[in-house]
Amino acid sequence: MRPALFLCPVLISLLFLLSGLTLISGCNKALCASDVSKCLLQGLCQCRPSEGNCSCCKECMLCLSSLWEECCDCVGMCNPRNYNDSPATSKSTVEELYRPIPSLFRALTEGDAPINMMVVSFPIAEELSHHENLVSFLETLDSQSHNISLPSSSSVHDDALCTVVYFDDCVSIRQCKQYCESMGGSKYRWFHNACCECIGPECLDYGSKAVKCMNCLI
């Protein structure tokens, strides 16, 4: 009975803290709740840097790991983000996947879309139109050290399409990468509001910059 009596106050405190996440400006509850609750249960994120107490900051950062940047404001460990100036949907993380399987991705995206997903196709020329700023930056780099060649939209056939998949619900960046790998995707784009986009083999860049996850638009 003693362990149960001990856990009750802990669980009550945890529920109180988690309910407060919705009151913290900029806290992405859908993405952070699970990891934040784990760290709170371990007592690793209880100090308050805003009050001059940062005794647990390092432990909390290690506990949140790769989600630190996205979730530190949920536990009062960093300055709240001003989402009015820079909404989460305007930022994203992209990565190429190690072993894409084009035939698998095409098979899964042909015909009716799988449940909880949205398949979107658009002209590759439209995708490449977003290259302008990137190309301008790359041209300033040493071409011998950075052997990078980007196709221009004029070299792409008008009927060539880029196909991407959006998951309806919010997911973590780790889940996004795993889901896109399991679909045979070539790359993925994870928006900082936790919307996940898997990018198909025909796409030459990183798909669309538009957020279209049905249940994860904020």
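Residue numbers run consecutively from 1 along every chain, following the written order of its sequence. Local features in this predicted model are restricted to residues of pLDDT 70 or higher, and side-chain atom pairs are both shown and tallied only at a pLDDT of 80 or more, whereas totals for entire chains, interfaces and linings draw on every residue. Calculated side-chain values reflect all of the structure's heavy atoms, with hydrogen atoms and water omitted.

### Some remarks on the state of the cysteines
Here is step 1 of the chain: A pair of sulfur atoms, both from cysteines and within 2.5 Å, is called a disulfide here. Within this structure, the stated rule accounts for nine disulfides.
Here is step 2 of the chain: What pairs with C162 in a disulfide is C203, and their sulfur atoms sit 1.9 Å apart. On the sign convention where negative means left-handed, the S-S torsion of about 90 degrees between C162 and C203 marks this disulfide as right-handed. Note that C162 is positioned in strand β3 (residues 161-167) and C203 in the segment after β5 (196-199), a separation of 41 residues in sequence.
Here is step 3 of the chain: Buried residues are those whose accessible area, probed at 1.4 Å on protein chains only, stays under 20% of the maximum for their type, while exposed residues exceed 50% and partly exposed ones sit between those limits. The class for C162 is buried, based on a relative accessible area of 0%. A helix here means a DSSP run of H or I that spans at least four residues, while a strand means a run of E at least two residues long, and both kinds are numbered starting from the N terminus.

### Considerations on the environment of M77
Here is step 1 of the chain: Mapping M77 onto the fold places it in the loop between α4 (68-71) and β1 (92-96).
Here is step 2 of the chain: M77 sits in the buried class, given a relative accessible area of 10%.
Here is step 3 of the chain: In sequence terms M77 and M61 are 16 residues apart; their C-alpha atoms lie 8.7 Å from each other.
Here is step 4 of the chain: Once residues within four sequence positions are removed from consideration, M77 is found in contact with C45, C47, P49, C56, C57, C60, W68 and C72. Should any heavy atoms of two residues lie within 4.5 Å, those residues are counted as being in contact.

### As for the side chain of S172
Here is step 1 of the chain: Inspection of the secondary structure puts S172 in the loop between β3 and α8 (173-182).
Here is step 2 of the chain: The buried category is assigned to S172, whose relative accessible area is 10%.
Here is step 3 of the chain: Other than its neighbours up to four places away in sequence, S172 contacts L31 and W190.

### Thoughts on the packing of aromatic side chains
Here is step 1 of the chain: Here is the rule: rings of Phe, Tyr and Trp (six-membered ring for Trp) pair when centre to centre is within 6.5 Å. Planes less than 30 degrees apart are stacked, more than 60 are edge-to-face, and the remainder are tilted. Within the structure shown, the criterion is met by one aromatic pair.
Here is step 2 of the chain: Taking 5.2 Å as the distance between ring centres and 50 degrees as the angle between the ring planes, the aromatic pair formed by F167 and Y179 counts as tilted. Residue F167 is located in strand β3, and its partner Y179 is located in helix α8; the two are separated by 12 residues in the primary sequence.
Here is step 3 of the chain: Classification of F167 by relative accessible area gives buried; the value is 9%.

### Concerning the nonpolar core
Across soluble globular proteins, nonpolar side chains show a tendency to be buried alongside one another.
Here is step 1 of the chain: The set of buried Ala, Val, Leu, Ile, Met, Phe, Trp, Tyr and Cys residues whose side-chain atoms join them within 4.5 Å is what this entry labels a nonpolar core. Among the nonpolar cores identified, the biggest contains 47 residues, and V36, L64, V75, M77, V164 and C198 are the most heavily contacted of them.
Here is step 2 of the chain: Secondary structure elements with two or more residues in this core: α2 (29-41), α3 (57-64), α4, β2 (117-123), β3, α8, β4 (187-191) and β5.
Here is step 3 of the chain: Of the residues that make up this core, three or more belong to each of domain 1 (27-83) and domain 2 (86-129 + 160-217).
Here is step 4 of the chain: If near-sequence neighbours (up to four positions away) are discounted, V164 is found in contact with M118, V119, V120, F122, E197, C198, I199, C203, G207 and S208. Segment limits for the domains were obtained from an automatic or database-derived domain assignment.

### Describing α3
Here is step 1 of the chain: When α3 is considered as a whole, its buried residues turn out to be C57, C60, C63 and L64. What you see down the axis of α3 is that its buried residues fit within an arc of 125 degrees, all on one side. Exposed side chains of α3 directed beyond 90 degrees from the buried face belong to K58 and L62.
Here is step 2 of the chain: Where α3 is buried, its residues contact α2 and α4.
Here is step 3 of the chain: A positive phi of about 55 degrees marks S65, the residue just after α3. Directions pointing from the helix axis toward each C-beta atom define the arc.

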